[in-house]
Amino acid sequence: MVAHEKLEWKEGGVPVSCRFDDPYFSLGNGLAETRHVFLDGNGLPGRFRPGFHVAELGFGTGLNMLAALIAWRGAGIAGPLRFTSFEGFPLAAADIAQALAAFPEAAAVAGPFLEQWAQGARVIRLPGLEAEVIIGDVRETLPRWQGWADAWFLDGFSPAKNPEMWGEGLMAEVGAHTAPQGSFATYTAAGHVRRALQAAGFQVQRQAGFGFKRHMSVGRLG
Ligand SMILES: C[S@@+](CC[C@H](N)C(=O)[O-])C[C@H]1O[C@@H](n2cnc3c(N)ncnc32)[C@H](O)[C@@H]1O
């Protein structure tokens, strides 16, 4: 039997990691935050084109993947969106289902994903989506990855609580696995993360964050 990551549930149904003591998504509206930070921040859906490849640090509940899929289907692009996510501590399908229940729009498309995930699949195929979740510590798995992303969702827990997901070496790997003109977006505006992304080759900008967060960061490969 596969061991799954342990959660606590905060008021309003927000899942919180026991390991990192941090929520998986915003205590406000996780789906709206995902759209603001990761989709708008990467210029999506406007930049979608056939074969577009999104990569993500931190799969968590799959909410970001489902938000991207909803946007992809809405954009009517031919063929599937390619989505690769890196996750060290996968959640149980039942916990993911409970977390997604807070977002009817995401829950409405999550059924076949949850069935596949519950059976242990880490390559997920849905209409309009070809996804892979690469399990393991991202500091080991990303350097071995053979792909390039057109857009990155950098979604580790907060840099203070999860520094492994934001180090200079890892950000350099993000840059090295980005296609020409590719982009990243993240909810954090921490100075050391922005500097590491600059060193990785991105033109980094600060933008208005979601909800009570003043700033977030976005960038394109220079
Ligand atoms: C904020 S959550 C991601 C939320 C997710 N994107 C979603 O849509 O629900 C951060 C994720 O990073 C993962 N993580 C933390 N450290 C990691 C590491 N060193 N390697 C791989 N994954 C890690 C955690 O297990 C967690 O799932």
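Residues numbered from 1 in each chain as written. Predicted model: local features only at pLDDT ≥ 70, side-chain atom pairs only at ≥ 80, totals over all residues.

In the annotation of an unreviewed UniProt entry, the protein chain is listed under the name tRNA U34 5-methylaminomethyl-2-thiouridine-forming methyltransferase MnmC and assigned to Gemmobacter megaterium.

Chemist: Outline the site of the ligand, listing residues and values.
Modeler: Around the ligand, the structure places 21 residues, and the nearest of them are Gly58, Gly60, Thr61, Leu63 and Gly88. Elements with a minimum of two residues in the shell around the ligand: α2 (63-75) and β5 (81-87). Its residues placed into classes, the shell around the ligand shows 9 nonpolar, 8 polar and 4 charged. (Near = placed C-beta within 6 Å. Helix = DSSP H or I, 4+ residues; strand = E, 2+ residues; numbered from the N terminus. Nonpolar A, V, L, I, M, F, W, Y, C, P; charged D, E, K, R; others polar.)

Chemist: Account for the sheet that holds β5, with residues named and values stated.
Modeler: The strand order β6-β7-β5-β4-β8-β9-β11-β10 describes an open sheet built from 8 strands, whose pairing is mixed. With partners counted over all chains shown, the strands left at the sheet margins are β6 (123-126) and β10 (202-208), one partner each. Each adjacent strand pair in this sheet contributes to an overall mean axis angle of 15 degrees, direction not counted. As paired strands, strand β8 (residues 149-154) and strand β9 (residues 178-186) are joined by 5 bridges and run parallel to one another. Bridge pairing in β9 links Trp152 to Phe184. (Pairing = 2+ DSSP bridges. Axes fitted to C-alpha atoms, helices over the stretch in contact; angles between N-to-C directions.)

Chemist: Give a detailed account of the UniProt feature "domain: MnmC-like methyltransferase" (unreviewed entry) in the protein chain, specifying residues and quantitative values.
Modeler: The feature "domain: MnmC-like methyltransferase" (unreviewed entry), as annotated in UniProt, sits at residues 113-219 in this numbering. Within the segment residues 113-219, helix and strand shares are 29% and 36% respectively, and the terminal C-alpha atoms sit 30 Å apart. (UniProt positions renumbered as here; feature names shortened; annotations may be inferred.)

Chemist: Describe in detail α2, supporting the description with residues and values.
Modeler: Here α2 is 13 residues long and its end C-alpha atoms lie 18 Å apart, about the 18 Å a rise of 1.5 Å per residue gives. Leu63, Asn64, Met65, Leu66, Ala67, Ala68, Leu69 and Trp72 are the residues of α2 that are buried. Taken from the residues just after α2, Gly76 is the one with a positive phi, measuring 65 degrees. (Expected span 1.5 Å × (residues − 1). Buried ≥ 20, exposed ≤ 12 C-beta atoms within 10 Å, placed from the backbone.)

Chemist: Describe the packing of helix α6 (residues 168-176) against helix α7 (residues 191-199), naming the residues involved and giving the relevant values.
Modeler: What describes two packed helices is the angle between their axes and the distance between those same axes. Between α6 and α7, whose axes approach to 8 Å, the crossing angle comes to 45 degrees. Looking at the two axes, α6 sits oblique to α7. Along this stretch, α6 crosses α7, giving a crossing that reads as right-handed. Where α6 approaches α7, its residues Glu168, Met171 and Ala172 are matched on the opposing element by Ala196, Leu197 and Ala199. In terms of residue class, the contact of α6 with α7 is built from 5 nonpolar, no polar and 1 charged. (Parallel < 35°, antiparallel > 145°, perpendicular 65-115°, else oblique. Left-handed = near helix turned anticlockwise from the far one by under 90°. Contact = placed C-beta atoms within 7 Å.)

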